[in-house]
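The lines below spell out each chain.
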Amino acid sequence: MNRAELADFLRRARTRLSPSDVGLAAGARRRTPGLRREEVAQLAGMSTDYYARLEQRRGSHPSRQMLGALARALRLTDAERDHLFHLAGQEPPRPGGASGHVRPGLLMILDRLHDLPASVLSDWGEVLAQNTMSMALTGDQVGANMIRRWFTDPTGRALCPPENHEMHGRAHVASLRAVAAARPDDPGPATLVAELRAASREFEELWASHEVTVRRPSPKRFVHPVVGVLDLDCEVLLGDGYGHGQLLVVHSARPGTDTYERLELLRVIGLQDLSPTGHQGS
């Protein structure tokens, strides 16, 4: 690990970004250009102290997951991401499977959708990035796998009405089967399938039905603990082509509907937790 070079690279990458580049409000006038350390830490899901230590050449070896989060937070290109991994003494992700690195252009689109819940997913369910509205709707899920949570964590279904559970479960399994067959040499989907077949009887029964589909635009119903029922349209856009794909998933409401007003209320509330016990994402 080259601490000096890593610290310099992180500092320079941070100072070339403005808050608007990453979907943050500019706030008060800044004495120095770029993002603040605490803003990078927030975007990467780490403590400000840990990030500051990296820039001060005092940090411990960051994990691969942490490096990936920093690459997304700093809007690094593929080449810059690989450089970051090398400076930290890690091998960068290699072609051949679905990449967890979200391109800066796709992240920019995500940030511009400030009034709609939007997220970037891998085609086998990994949540790679969310905007603020998405976090307000479902909670912070970055780093989680939606399909794993659905079948192994009861809180993974918290925002989905019970009458829709069977439909969502079938859709999750059918899309995972399509991806696993399209990329048999990619260990990610194959490992997830093996894990869930062993952990969930429901998953095993659905897997045995051999249904196949890909994620498509469809209406979705959410039951939010603060704003109530939301009937949303769900658009699924391919980020870089099916087969090694990332999906931009955008939820919207039709103007003039109750859901449109409730979505606007959710935007105003943001990430405040006004419910008695908090809420978990689905």
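Residues numbered from 1 in each chain as written. Predicted model: local features only at pLDDT ≥ 70, side-chain atom pairs only at ≥ 80, totals over all residues. Heavy atoms only, no water.

For the rest of this paragraph, the subject is helix α2 (residues 37–44). Those residues of α2 that sit buried are Glu 39, Val 40, Ala 41 and Ala 44. At its buried positions, α2 is contacted by α1 (3–15), α3 (48–55) and α4 (64–73). In the stretch just after α2, Gly 45 is the one whose phi turns positive, near 70°. (Buried < 20%, exposed > 50% of the residue type's maximum accessible area, 1.4 Å probe, protein only. Helix = DSSP H or I, 4+ residues; strand = E, 2+ residues; numbered from the N terminus. Contact = heavy atoms within 4.5 Å.)

Let us now look at the environment of Ser 20. Topologically, Ser 20 is positioned in the loop between α1 and α2. The class of Ser 20 is partly exposed, set by a relative accessible area of 46%. Expressed as a C-alpha distance, the spacing of Ser 20 and Asp 111, which sit 91 residues apart in the sequence, is 8.4 Å.

Following the criterion strictly, the structure yields two aromatic pairs and no others. Considering the side-chain rings of Phe 151 and Phe 203, the 5.3 Å spacing of their centres and the 85° angle between planes classify their relative orientation as edge-to-face. With Phe 151 in helix α8 (residues 146–152) and Phe 203 in helix α11 (residues 201–208), the pair connects residues that are 52 residues apart, well separated along the chain. Given a relative accessible area of 9%, Phe 151 falls into the buried group. Pairing Phe 203 with Trp 207 gives two aromatic rings, centres 5.7 Å apart and planes at 20°, and the pair type is stacked. Here Phe 203 pairs with Trp 207, and both are found in helix α11, just four residues apart, close to one helical turn. The class of Phe 203 is buried, set by a relative accessible area of 0%. A residue is classified by how much of its surface remains accessible, and Trp 207, at 10% relative accessible area, is buried. (Phe/Tyr/Trp six-rings, centres within 6.5 Å; stacked < 30°, edge-to-face > 60°.)

It is worth spelling out the nonpolar core at this point. Judged by nonpolar contacts, the single largest core of 25 residues is most densely connected at Leu 10, Met 46, Tyr 51, Leu 70, Leu 74, Leu 76 and Leu 84. Breaking this core down by element, the ones donating at least two residues are α1, α2, α3, α4 and α5 (78–87). Element by element, the count of residues in this core is highest for α4, at five residues. For Tyr 51, the contacting residues outside a window of four places in its chain are Leu 10, Arg 14, Arg 37, Val 40, Ala 41, Met 46 and Leu 70. In terms of nonpolar packing, the next biggest core, distinct from the first, is built from 14 residues, Trp 124, Cys 160, Leu 176 and Leu 206 among them. (Core = buried A, V, L, I, M, F, W, Y, C linked by side-chain atoms within 4.5 Å.)

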